Amino acid sequence: MAASARPIAPAASLTSGGAPAVTVRVTINGSPVTAEVEPRTLLVHFLREVVGLTGTHIGCDTSNCGACTVHLDGKPVKSCTVLAVQANGREVRTVEGLEVGGKLSPVQQAFFEEHGLQCGFCTPGMMMTATALLAKNSNPTDAEVRDAIRGNLCRCTGYVNIVKAIQLAGKKMQSAAPAGGSP
Amino acid sequence: MSAEAPTPAHVKGGIGQSILRKEDARFLRGKGNYVDDIKLPGMLYLDITRSPYAHAKITAIRTEKALKVPGVLAVITGKDLEAAGLAWMPTLMSDKQMVLPVDTVMYQAQEVVGVVADSRYAAADGAAAVEVDYEPLPVVVDPFKALAPGAPVIRTDRKEQSNHIWHWETGDKAGTDESFRASEVTVSQDLYIPRIHVSSMETCGCIAQMDPVNGRFTIYMTTQAPHAIRTVFALVTGLPEQNIRVISPDIGGGFGGKVPVYPGYVIASVASIKTGRPVKWIEDRSENLQADSFARDYHIHAEVAATKDGKVTALKVKTVADHGYTDAAANPSKFPAGLFHIITGSYPFAKAFVEVDAAYTNKPPGGIAYRCSFRVTEAVYTIERMMDILAHKLKVDPAELRLKNFIPPEAFPFKSTLGWTYDSGNYAGALKKAMEIIDYAGLRREQAEKRRKGELMGIGISSFTEIVGAGPSQQFDILGIKMFDSAEVRIHPTGKIIARFGTKSQGQGHETTYAQILAEELGIPADDIRVEEGDSDTAPYGLGTYASRSTPTAGAAASMAARKIREKARKIAAHLLEVSVDDVEWKDYAFRVKGVPSKSKTMQEVAFAAYTNHPQGMEAGLEAIDYYDPPNMTFPFGSYICVVDIDKDTGQVKVRRFVAVDDCGTIINPMIVDGQIHGGLTMGLAPSLLEEIQYDADGNIHGGSFMDYLVPTAIETPRWETAKTVTPSPHHPIGAKGVGESATVGAPPAIVNAVVDALQPYGVEHIDIPIHPWKVWQILHAGPPKTG
């Protein structure tokens, strides 16, 4: 994706003349981003509204639903309960950073093939959690997958195909075989 | 992954193939286009100050401090709206609903003041700075108390001065009473189906944009029914309809919660008119859970009469419906209790009588779907619970009782005593298949063994009949607009299609399934078909997506439009083949000369000719539009069997196995159908074991965030097992019936029947949902198990 090819210019500011702004420098999907934000700015709002990466969604504000899950220094976090200033000097990876060189990641490809998404709203967060799980354990059991995604709610799929997709992604990562056609 | 059709002649992506979804390309990459992803130049943000009280008089609203918050540009109060005649808006059920209150709030979290600012955070600061003085009024949360004499009147604006909204009844009262008097066996039960919330992962929101120069009003909106919304906006605001554009972008789940018009949409619209700038309103989860419309809240009393050998004869149901402070139910207008009278279910009751009384309470509006076609869940839950209660009374196996009573396959089309004509069904076929898959006899043996050891295992069945696809225009309208739906299909010169529909997918996969219907009808691969929905400027008029109606109505329209195209295309093919039209037939996805099938033209060849070499005197082009008025509803059905184990120490119910055999008629995409069933089952599990919106006596909502409202996670959700039978609808062009909601409707009684079955040793007849561990634990500790 283009996101990793060049620095992302701040598209907007969240400040409205209230609190004094602070400077936040974050590496997002491999590209450095610097922006002035209110200190209270949540990481999810920083990503969506300042940087313009709207793939990370907001579903609950209470860190229950996981739609906002991104990686902070490789670890999945719920970006609705992380301040942008807490990401200062650190690396953030979002759903937009999963696809590399025009090729879907194994997790993306497996969600596609196993019909692991319907409305697509929980999907980015779900895939980020899955990606983090598989980095540690590429051959998870059904129970291990369910445990890993317990903090990611999906209202459409009943989780059956999400679990299958995550297990398939693990197999894809293990085998060197190229993935099938992409959507 | 794609399964090819078994016949030698097939079209890529036609009906019956599990092709992967076209819409996934953007969702997988984080490139979906949900309303909160849209940013317009100069856009402002709306936040809303809400009421802490469930019922109170507003004595003062002070907005000075809010207006001093940096970034805040405007406030909107009920008095401002009243001046414009917009303080109240009509509901779909001919009641009225407050946009903003002028003097009284009627539920906790009700919208009181809108604050508009140049950023999301400033708007929230402004909303927090609004000061409102309240004088609390008596609160009524119990609908029975609301209907009792002397109850405080909630809606003093109505001339009736009562909390009783309406009485609705259907069936033969005298005949039913007579049947009960003559019956050998009767059972009765009170059943409460509590208030629940759809909780789509995306909350509701909009961007309203009034263009004062051109008089154009555009609203990007989380709506399942963009066209109907446009008409309602035109009628309510007086804006000319051609100047209103409703765009429903990608929707992050709907389940009925995105059918109503919520106050926030209207306040954002007024704010845009007032400021001349686009205004975005996105509710947070707590606002969504506390103030958007709810489902269920039916207090049901049901009685069944039967012969002593177990043949059901009559059904009597009396219900009190809690609608909250207004009747804003999302029902077809002629059906205040929805399609609740599908309640005779899969059984040939000779007599039935059903009545519903609706009450106002100090709660937000109720009466939306929660993934169900207009109160069908309430009906199915009632009849399928009652069948088990009857089986228990008669001491017969619940499967045997059902098999003895089912409407037989040869009886279709079957006219129910409450007036529906079921299109097709094979109920015993579905139940026997489920029993075979799960090894019902083996489970009963295992259960007997476990009971001897004191372990609690239960088996529950639900053999549901749904009614979906609203609906035939004679009976079905919303505010007078008939419930047809539409497809507009254009084949372009290179044989590629753009098709537009009056419905709106919220995750169901319309871009794929509609393309498959067209591929099948026109012989053009699904990959070459682009499906668009949701823009009232470009799509043909339709009533939208809810109540499992998209395939029965717009899917049928796709077929009909395609067949209109085929009629014209056949003439062009004859012209190209230099034979008479009568000598050309559509066979194996091409136009072929009768008797000489090798002499043929593909639809792509015909399409090119339609623009380059069409017969003289014929109009150029190859397109058609169809507004499909279904001749009947469709009646999907199925049988579900659930096995539960109960932990005696904690009262925890664990769903060990759940086999769902569904029959939704012709299956367009098996993969998508299974996905719909998986999701539906999970939304059937949710209210059975987890979800409930409760209020305390002061009308304070319990469960106003995901900390307290328990949407199932992957941990609570079992590994669903699915299977199918296929009984096509005889009146639908491709025999499809709709499938999005069957499982939500069918699952709860299977789960509850299983839990009650497990607790038979404790003499349990019924437990109201949700069956959380505390309810079970109390039963287990109320006394020693009863014997026999």
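Cut-offs and rules
- Residues numbered from 1 in each chain as written.
- Chains lettered and ligands numbered in written order.
- Predicted model: local features only at pLDDT ≥ 70, side-chain atom pairs only at ≥ 80, totals over all residues.
- Helix = DSSP H or I, 4+ residues; strand = E, 2+ residues; numbered from the N terminus.
- Rg over C-alpha atoms; globule rule 2.2 N^0.38 Å.
- Buried ≥ 20, exposed ≤ 12 C-beta atoms within 10 Å, placed from the backbone.
- Contact = placed C-beta atoms within 7 Å.
- Pairing = 2+ DSSP bridges.
- Axes fitted to C-alpha atoms, helices over the stretch in contact; angles between N-to-C directions.
- Domains from an automatic or database assignment.
- Nonpolar A, V, L, I, M, F, W, Y, C, P; charged D, E, K, R; others polar.
- Parallel < 35°, antiparallel > 145°, perpendicular 65-115°, else oblique.
- Left-handed = near helix turned anticlockwise from the far one by under 90°.
- pLDDT = per-residue confidence, 0-100.
- Core = buried A, V, L, I, M, F, W, Y, C linked by C-beta atoms within 7 Å.

A look at the overall build of chain B
Looking only at helices and strands, chain B has 19 helices and 34 strands in total. The C-alpha radius of gyration computed for chain B amounts to 28 Å, which stays within 12% of the reference 28 Å derived for 788 residues, consistent with globular compactness. In terms of overall dimensions, chain B has C-alpha extents of about 85 × 75 × 50 Å along its principal axes. Out of the 788 residues in chain B, the part that is buried amounts to 60%.

A closer look at the overall build of chain A
For chain A, the helix and strand inventory stands at five helices and five strands. N-terminal to C-terminal, the α/β element order of chain A is β-β-α-β-β-β-α-α-α-α. Scored against the burial criterion, the 183 residues of chain A give a buried share of 60%. Of the contacts made within chain A by residues no fewer than 6 positions apart, 63% connect residues no fewer than 24 positions apart.

Some points on the sheet that holds strand β1 (residues 22-28) of chain A
Residue and element names in this part refer to chain A. Here five strands make up an open sheet; going across it, the order is β2-β1-β5-β3-β4 and the pairing mixed. Of all strands in the sheet, those with a lone pairing partner are β2 (31-37) and β4 (75-78), marking the two edges. Each adjacent strand pair in this sheet contributes to an overall mean axis angle of 40°, direction not counted. In this structure, strand β3 (residues 69-72) lies alongside β4, joined through four bridges in antiparallel fashion. Paired with V70 across the strands is V77, a residue of β4. Packed onto the sheet, helix α3 (residues 123-136) meets β3 and β4 and runs at close to 40° relative to β3.

Some details on unusual backbone geometry
In most cases, non-glycine residues show a negative phi, while peptide bonds are predominantly trans. Of note, the amide linkage connecting A470 of chain B to G471 of chain B takes the cis form, showing an omega dihedral of -25°. Relative to the assigned elements, G471 of chain B resides in the loop between β20 (456-465) and β21 (477-478). For the bond running from I769 of chain B to P770 of chain B, omega is -5°, close enough to zero to count as cis. Take P770 of chain B: it is sitting in the loop between α18 (742-758) and α19 (773-780). Here N29 of chain A, not a glycine, exhibits a phi torsion of approximately 50°, which is positive.

Notes on the sheet that holds strand β16 (residues 312-322) of chain B
All names here are of chain B. As summarised here, the arrangement of the five strands in space is β9-β17-β16-β15-β10, forming an open sheet in which the pairing is mixed. At either end of the open sheet lies a strand with only one pairing partner, and these are β9 (164-171) and β10 (185-196). The mean inter-strand angle of the sheet, taken between neighbouring strand axes irrespective of direction, is 10°. As defined by bridge partners, β9 adjoins strand β17 (residues 351-359) across seven bridges and the pair is classed as antiparallel.

Observations concerning the domain arrangement of chain A
One widely used convention gives an interface's size as the accessible area the parts lose upon coming together. Residues and elements named next belong to chain A. Domain parsing of chain A yields domain 1 (2-97) and domain 2 (106-174). Tallying the contact residues gives 15 residues for domain 1 and 11 residues for domain 2. When contributions to the side of domain 1 that touches domain 2 are tallied by element, the ones reaching two or more residues are β3 and β4. Per-element tally for the side of domain 1 that touches domain 2: the top contributor is β3, with three residues. Partitioned by chemical class, the residues of the side of domain 1 that touches domain 2 number six nonpolar, eight polar and one charged.

A short note on the environment of D73 of chain A
Residue and element names in this part refer to chain A. With respect to the secondary-structure elements, D73 resides in the loop between β3 and β4. Judged by local crowding, D73 falls into the exposed class, with 12 C-beta atoms found within 10 Å. For the pair D73 and T27, spaced 46 residues apart in sequence, the C-alpha to C-alpha distance is 9.7 Å. Setting aside chain neighbours within four positions, we find D73 in contact with R90 and E91.

Regarding the domain arrangement of chain B
According to the domain assignment, chain B consists of domain 1 (24-32 + 485-628), domain 2 (35-137 + 203-251 + 258-291) and domain 3 (295-406 + 423-470 + 632-780). Residue classes in the side of domain 1 of chain B that touches domain 2 of chain B are distributed as three nonpolar, eight polar and three charged.

Side note on the interface of chain A and chain B
Taken residue by residue, the interface counts 45 residues in chain A and 50 residues in chain B. The set of elements that each furnish at least two residues to the side of chain A that touches chain B consists of α2 (106-113), α3 and α5 (160-174) of chain A. Per-element accounting of the side of chain A that touches chain B gives the leading share, four residues, to α2 of chain A. In the side of chain A that touches chain B, the residues fall into 20 nonpolar, 17 polar and eight charged.

Some thoughts on the packing of helix α17 (residues 670-689) of chain B against α18 of chain B
All names here are of chain B. Between α17 and α18, whose axes approach to 7 Å, the crossing angle comes to 45°. With respect to each other, α17 and α18 are oriented oblique. The handedness of the crossing between α17 and α18 is right-handed. Only S742, A743, T744, G746, A747, P748, I751 and V752 of α18 make contact with α17, whose side of the interface consists of I677, G680, L681, M683, G684, L685, P687, S688 and L689. Partitioned by chemical class, the residues of the contact of α17 with α18 number 11 nonpolar, six polar and no charged.

Some remarks on the confidence of the model for chain B
Per-chain confidence: chain B averages 96 in pLDDT, with 99% of residues scoring 70 or above. The complex prediction reports pTM at 0.96, with the ipTM value standing at 0.97.

Thoughts on the nonpolar core
Soluble globular proteins tend to bury their nonpolar side chains together. Residue and element names in this part refer to chain B. Counting residues in each nonpolar core, the largest one holds 315 residues, and the members touching the most others are I267, L518 and A558. For this core, the leading source of residues is helix α15 (residues 550-577), giving 12 residues. Each residue touching I267, except ones within four places of it in the same chain, is listed here: L46, I48, I76, V99, L100, E111, G114 and W281.

Here we look at the pairing of strand β3 (residues 72-77) of chain B
Residue and element names in this part refer to chain B. The buried count for β3 comes to five of six residues, which makes it a mostly enclosed element. Both β3 and strand β7 (residues 111-117) contribute to a ladder of five bridges, which runs antiparallel. Its bridge partner lying in β7, V75 is registered against V115.

What to know about the environment of A526 of chain B
Residues and elements named next belong to chain B. Inspection of the secondary structure assignment puts A526 in the loop between α14 (510-522) and β25 (529-533). With 75 residues separating them in the primary sequence, A526 and K601 have C-alpha atoms 19 Å apart. In this structure A526 touches K12, G13, I19, A515, Q516 and A519, once residues within four positions along its chain are discounted.

A look at α2 of chain A
A large share of α2 of chain A lies buried, amounting to eight of its eight residues. Where α2 of chain A is buried, its residues meet α3 and α5 of chain A together with α1 (24-28) of chain B. Looking one or two places after α2 of chain A, you find H115 of chain A, whose phi comes out positive at around 55°.

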